Amino acid sequence: MTNELPTIEAEAHCDGPCGVYDPASARIAAEAVQSMTNKMLTLECPDTSDAPAMAAYLNTMSRYAAIKEEEGHKCKSELLVLWTDFFKPVHLEANPNLHDTFWKAAKLCSACKVEVSAVHAQELMDAIEEIHNMFWAVKGREVAWVRAS
Amino acid sequence: MSDFHVIIRGDSMWPTFSDGEKVRASELSEDELTIGDIVVSKHPLKSKVIIVKRINQILANNQLFLQGDNPDPLSSEDSHNFGPVNVNLIIGIIKN
């Protein structure tokens, strides 16, 4: 009998733009960090007595480092927005390792800024892939993990 | 007083109600609102939107302060955002 009652929908939504979050922004920043890290590790130092070559080398290396720093910071900011704004207590039920995953990912952003580490850059990408999977599972959608590079 | 069903959309009333849950509500009768009641209301700033929240305070001039149950401060658009709601916007009460 109760199924014959009229039915309405009532919204119980959050106050923010919860429909437009996407871990892709963190992934793109992390890819830039990884790209700059690899470029720094493979850039060959010229003859130190060749002043123009050294100037070009230092300029290029400085730009790589600056971009790595900037993108590492951006990646951490994007992760913190997902962690503290998008994910809610209800999501911990399905993702009990959510806090640990984000905490480690944020630490890896810092590690990638401090170091020139291909290992940590890859670990950051792996952590963001894990976050990507948690995020889209919460949204109830299957979204493939892709890289721009 | 007639009853109706409400399908919850969103997590602002979690853990009391989950997204997609179907609950039973009753049309409002005079003078029955008390603090702690979960109510179905028209949104004060979006005339076509129906919301479900809990009465946190009963204020002067027939104003109600509504809020979600979710403890996350970003989880609920409620009177913290849109201010108190006049009692004449209340459609019904959900009976737990």
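About the criteria used
- Residues numbered from 1 in each chain as written.
- Chains lettered and ligands numbered in written order.
- Predicted model: local features only at pLDDT ≥ 70, side-chain atom pairs only at ≥ 80, totals over all residues.
- Helix = DSSP H or I, 4+ residues; strand = E, 2+ residues; numbered from the N terminus.
- Contact = placed C-beta atoms within 7 Å.
- Pairing = 2+ DSSP bridges.
- pLDDT = per-residue confidence, 0-100.

### Some words on the environment of A:Leu108
Residue and element names in this part refer to chain A. Tracing the backbone through its elements, the reader meets Leu108 in helix α3 (residues 98-114). Once the C-alpha coordinates of Leu108 and Glu31 are considered, the two residues, 77 residues apart in sequence, prove to be 13 Å apart. Ignoring any residue separated from it by four or fewer positions in sequence, one finds Leu108 in contact with His120, Glu123, Leu124 and Ala127.

### Some thoughts on the interface of chain A and chain B
With 17 residues of chain A at the interface, the matching set in chain B holds 28 residues. Both strand β1 (residues 7-11) of chain A and strand β1 (residues 3-9) of chain B contribute to a ladder of five bridges, which runs parallel. Counted as the bridge partner of A:Thr7 is B:His5 from β1(B).

### Description of the confidence of the model for chain B
Of all residues in chain B, 97% attain a pLDDT of 70 or more, and the chain-wide mean is 91. The ipTM value of the predicted complex is 0.80, and its pTM value is 0.77.

### Re unusual backbone geometry
Residue and element names in this part refer to chain B. Note the cis peptide between Trp14 and Pro15, where omega equals 5°. With respect to the secondary-structure elements, Pro15 resides in the loop between β1 and β2 (22-27). The residue Asn61 is not glycine, and still its phi comes out positive at about 60°. Relative to the helices and strands, Asn61 resides in the loop between β4 (50-58) and β5 (63-67). The phi dihedral of Asn62 falls on the positive side, at around 60°, and the residue is not glycine. Here Asn62 shows up in the loop between β4 and β5.

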